[in-house]
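Chains, contacts and geometry: an overview
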Amino acid sequence: MGYDVLTLGAAVVVLAAVCVWQWRRYRKTVKKVVFLFDALDNGDYTFRFPENGKYDDDKLMNASLNRVKEILRHARDEQIEREKYFELIIDSVDTGILVLDDERGVVLRCNKAAMKLLQTEVVTHVNQIKDRLESLSVRDAYTTLKGRRVRIVAISDIKGELANQEIDSWVKLIRVLTHEIMNTITPIVSLSEVMLTQAEGGRKAELEVINRTSKELVRFVENYRKFTHVPTPVPQLFYVKPFLERMARLAEQRMKPGCTVGVDVSPEDLLVYADEGLIGRVVSNLLKNAVEAVGGDGSVSVRAYTGDDDKVVVDVTDDGEPIPDDVAAHVFVPFFTTKKDGSGVGLSISRQIMRVSNGTIQLVQDRCNKLTTFRLTFN
């Protein structure tokens, strides 16, 4: 009987020891799992559980936990790569994009185009930019992000959109007008030339007037037709400095002896990717206007440099009489001119060339220093 009691007692002790051992291993495993999730929640993926322990089940447990960590790290890395990819796309578009917390108005994301349109380097709340948004074209969309209602705002320069629509309208109108006028005038020119060979006396003089007037009208229409037939650019890289120096020498021929056109290019090896021939037409026209504005003996300069986002900028500046505000508002309108012998298409064609060259042209006036600048920007 005493032997049975001892055996039973020993069995109880062994069973208790096994239970304690199993409980400790269970607690140890729970701590490993808790440590795993705490580390992952803090973004720490540097840990690794040892896989060379005494017990096979410990090795298997540690290997499984390491595998869970690697799977989650791989998923995190893929998410980070996707976020970088989408950020790159968002920063590459010309449309400004803002992502806002709709309830608090906090700016969660803002791309480079939005920064440029809003003329700011940092924006944290929509109240900072509310006034500037009023002058831009704004489109909204809503979604839910991590349980929060998010407002996605797309902004663009409404002035640029309206300018493009204006150009398209002028192009369509001029094409119709020139087509109809040419169809009407061409037969008159031909018939008057035939009749001139047979007419005599006063009738011949009248026909000469009709013929000459018709030809002048044809030349007039052909000049305007140039506005709607800008050649397709064939862009290539070319150095800006020798190009502008060549344009300046041509412009100096219209000035008084001793007068020069200043050229400043920084850096000196500045390159631009555009159609050199077409851009030459633009710069030549701007220099011609500048020389005429200063009367041939004033100060004319051309400056090239890199502006925002490493865009190439060319400024053609003169110190002639400033352009009145009522005239400045219409300088790019086709057919508008203040010159007696002007056609009114030079600046219009220049703007059209810059448009098809993926660039812009704008008038910038410094009335304090009496400087007038036409600025070319190459995107």
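As a reminder, the structure under discussion sits directly above these lines.
So, a few notes on the structure that sits alongside this text. Every chain is numbered on its own, with residues counted from 1 as its sequence reads. Selection of residues for local features in this predicted model requires a pLDDT of at least 70, selection of side-chain atom pairs for listing and counting requires 80 or more, and totals for whole chains, interfaces and linings are taken over all residues. Heavy atoms from the whole structure form the basis of all side-chain values; hydrogens and water molecules are not counted.

1. Details of the sheet that holds strand S4 (residues 148–156)
Pairing between strands requires that DSSP locate at least two bridges from one strand to the other. Counting from the N terminus, the helices are DSSP H or I runs at least four residues long and the strands are E runs at least two residues long. Strand order in this open sheet of four strands is S2-S1-S4-S3, and the pairing throughout is antiparallel. Each edge of the sheet is formed by a strand with only one pairing partner; in this case those strands are strand S2 (107–110) and strand S3 (137–145). Each strand of the sheet is rotated relative to its neighbour by a mean of 20 degrees, with strand direction disregarded. Inter-axis angles, ranging from 0 to 180 degrees, are taken between N-to-C directions of lines fitted to C-alpha atoms, where helices are fitted over the stretch in contact.

2. Examining helix H7 (residues 240–252)
For H7, built from 13 residues, the straight-helix expectation of 18 Å at 1.5 Å per residue is met to within 8% by its first-to-last C-alpha distance of 18 Å. Every residue pair with non-hydrogen atoms within 4.5 Å of one another is taken to be in contact. As for H7, its buried residues are in contact with strand S5 (236–239), strand S6 (261–265), strand S7 (271–274), helix H8 (276–293), strand S8 (300–306) and strand S9 (312–318). A helix's residues, less one, multiplied by 1.5 Å, set its expected span.

3. Thoughts on the pattern of salt bridges
One speaks of a salt bridge when a side-chain nitrogen belonging to Lys or Arg is within 4 Å of a carboxyl oxygen belonging to Asp or Glu. Under the definition given, this model contains 13 salt bridges. For Lys241, the salt bridge is made with Glu268, and the minimal N-O distance between the two is 3.4 Å. A residue pair is termed long-range when its members are at least 10 positions apart, and Lys241 in helix H7 and Glu268 in the loop between S6 and S7 qualify at 27 residues. Note on classification: 1.4 Å probe, protein chains only; a residue is buried when its accessible area is under 20% of the maximum for its type, exposed when over 50%, partly exposed between these limits. We classify Lys241 as partly exposed; its relative accessible area is 24%. On the basis of relative accessibility, which here comes to 56%, the residue Glu268 falls in the exposed class. In this structure, the salt-bridge partner of Lys288 is Glu292, at a minimum N-O distance of 3.0 Å.

4. As for the nonpolar core
In this structure, Leu244, Leu287, Leu376 and Phe378 are the most contacted members of the largest nonpolar core, which totals 43 residues. Of all the elements, H8 adds the most residues to this core, at eight residues. Setting aside residues no more than four positions away along its own chain, Leu376 makes contact with Val282, Val283, Leu286, Val312, Val313, Val314, Met354, Thr360 and Ile361. Joining through side-chain atoms within 4.5 Å is the link that ties buried Ala, Val, Leu, Ile, Met, Phe, Trp, Tyr and Cys residues into a set, and such a set is a nonpolar core. In terms of nonpolar packing, the next biggest core, distinct from the first, is built from 13 residues, Leu100, Ala114, Val123 and Ile155 among them.

5. Considering the packing of aromatic side chains
We call Phe, Tyr and Trp rings a pair once their centres come within 6.5 Å, taking the six-membered ring for Trp, and we label the pair stacked below 30 degrees between planes, edge-to-face above 60, and tilted otherwise. One pass over the structure, following the stated rule, counts five aromatic pairs. Between Phe35 and Phe47 the ring centres are 5.4 Å apart and the planes differ by 80 degrees, which places this aromatic pair in the edge-to-face class. One end of the pair, Phe35, is in helix H1 (residues 2–41); the other, Phe47, is in the loop between H1 and helix H2 (56–92), with twelve residues separating them in the sequence. Consider the rings of Phe35 and Phe49, whose centres lie 6.1 Å apart with planes at 75 degrees: the pair is edge-to-face. With Phe35 in helix H1 and Phe49 in the loop between H1 and H2, this residue pair connects regions lying 14 residues apart in the sequence. The exposure class of Phe35 is partly exposed, given its relative accessible area of 43%. Each residue in the set Phe35, Phe47 and Phe49 is aromatic and connected to the rest through ring pairs, giving one cluster. The cationic tip of Arg149 hangs over the ring face of Tyr142; the distance from NZ or CZ to the ring centre is 4.1 Å. Charge-over-ring contacts are defined here by two conditions on Lys NZ or Arg CZ: a distance within 6 Å of the ring centre and an angle within 35 degrees of the ring normal.

So far we have only geometry, and geometry alone does not tell us how the molecule works.
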